[in-house]
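Reading the structure
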Amino acid sequence: TAGRPTLASPVPIKDIAHKVASGLNKVYADKGVLCRLSIEEGARFHGDEGDLFELLGNLMDNAYKWCERRVNISAQPDDTLLKGEHGVRLVVEDDGPGIPRSMVRRVLHRGVRTDDEVGGQGIGLALVREIVEVYGGHLKITTSLLGGASVTLYFPGGIANQ
């Protein structure tokens, strides 16, 4: 992680999410994933662009890998869970099998996987957790309204006026 740069401009989340989705649509073309991006124009990541690519790349790849057919990515302002600070809430969700409640804490550690039959190293969510912590954010894993996993990231200072 590069951490929060002091002089760099905030990174538009929408631009990076589009790039990641474009790549994953090619990788998972045979699956026919329907990816919906609902990202407000003003949603910005106040950090390193490479870190945002890493976050979205890991979360979106997991969503594409585990989904039945649908993946939703959203980002919007949120000041309710950040002690009154303005921030950004980023959500990646899918319609796959989800993460069993008993595994939620465990999958955030390196080398832990929910299914050894599906490819992967078991470091993606641990890496996401580590990056989120560097930025002073929060991570929450729940069940998506689509029925699969929902990973929500909260970051302080994530909204900039256009």
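Refer to the preceding data block for the structure.
Residues numbered from 1 in each chain as written. Predicted model: local features only at pLDDT ≥ 70, side-chain atom pairs only at ≥ 80, totals over all residues. Heavy atoms only, no water.

**Some words on the side chain of Asn 58**
Counting through the fold element by element, Asn 58 comes out in helix α2 (residues 49-66). The contacts of Asn 58, once residues within four sequence positions are left out, are Gly 124, Leu 127 and Val 128. (Helix = DSSP H or I, 4+ residues; strand = E, 2+ residues; numbered from the N terminus. Contact = heavy atoms within 4.5 Å.)

**Some remarks on the nonpolar core**
Ranked by size, the top nonpolar core spans 36 residues in total, and within it Ile 13, Phe 45, Leu 55, Leu 56, Met 60, Leu 153 and Phe 155 carry the most contacts. Taken together, the elements giving at least two residues each to this core come down to α1 (13-27), α2, β4 (70-77), β5 (87-94), α3 (124-134) and β7 (149-156). When residues of this core are assigned to their parent elements, the largest contribution, 7 residues, is made by α2. Those residues within four positions of Met 60 in sequence are excluded, and the remaining contacts are Ala 17, Val 20, Ala 21, Leu 24, Ile 73 and Val 92. (Core = buried A, V, L, I, M, F, W, Y, C linked by side-chain atoms within 4.5 Å. Buried < 20%, exposed > 50% of the residue type's maximum accessible area, 1.4 Å probe, protein only.)

**Brief notes about α1**
With 15 residues, α1 ought to run about 21 Å at 1.5 Å a step, and its terminal C-alpha atoms sit 21 Å apart, in line with that. Those residues of α1 not exposed but buried are Ile 13, Ile 16, Ala 17, Val 20, Ala 21 and Leu 24. For α1, the angular spread of buried residues about the axis comes to 130°, placing them on one side. Of the exposed residues in α1, the ones pointing more than 90 degrees away from its buried face are Lys 19 and Lys 26. (Expected span 1.5 Å × (residues − 1). Arc of directions from axis to C-beta.)

**Let's talk about the pattern of salt bridges**
Applying the stated rule across the entire model yields 4 salt bridges. With a shortest N-O distance of 3.9 Å, Glu 130 and Arg 129 are connected by a salt bridge. For Glu 130, a relative accessible area of 26% gives the class partly exposed. Ionic pairing is found between Arg 129 and Glu 133, a salt bridge with its closest N-O pair at 3.3 Å. Of this pair, Arg 129 and Glu 133 are both found in helix α3, 4 residues apart, which corresponds to roughly one turn of the helix. In this structure, a network of salt bridges that share partners links the residues Arg 129, Glu 130 and Glu 133. (Salt bridge = Lys/Arg side-chain N within 4 Å of Asp/Glu carboxyl O.)

**Observations regarding the sheet that holds strand β2 (residues 34-39)**
Read from one edge to the other, the open sheet built from 5 strands follows the order β2-β4-β5-β7-β6, with strand pairing classed as mixed. Looking at which strands have only one partner, the edges of the open sheet turn out to be β2 and β6 (138-143). Across this sheet, the average inter-strand angle for adjacent strands is 10°, counted without regard to direction. Where β2 lies against β4, 6 bridges are found, and the strand directions are parallel. Bridging across to β4, Arg 36 finds its partner in Asn 72. Lying over the sheet, α1 contacts β2, β4 and β5, oriented at roughly 175° with respect to β2. Packing against the sheet, α2 makes contact with β2, β4, β5 and β7, and its axis sits at approximately 25° to β5. (Pairing = 2+ DSSP bridges. Axes fitted to C-alpha atoms, helices over the stretch in contact; angles between N-to-C directions.)

**Quick word on the packing of aromatic side chains**
Inspection of every chain in the model, using the stated rule, returns 4 aromatic pairs. Seen from their ring centres, Phe 45 and Phe 155 are 5.2 Å apart, and the 85° between their planes marks the pair as edge-to-face. Of this pair, Phe 45 sits in strand β3 (residues 44-45) while Phe 155 is found in strand β7, placing the two residues 110 residues apart along the sequence. On the basis of relative accessible area, Phe 155 is assigned to the buried category, the value being 4%. Three or more aromatic residues link up through ring pairs in this structure, and these residues are Phe 45, Tyr 135 and Phe 155. (Phe/Tyr/Trp six-rings, centres within 6.5 Å; stacked < 30°, edge-to-face > 60°.)

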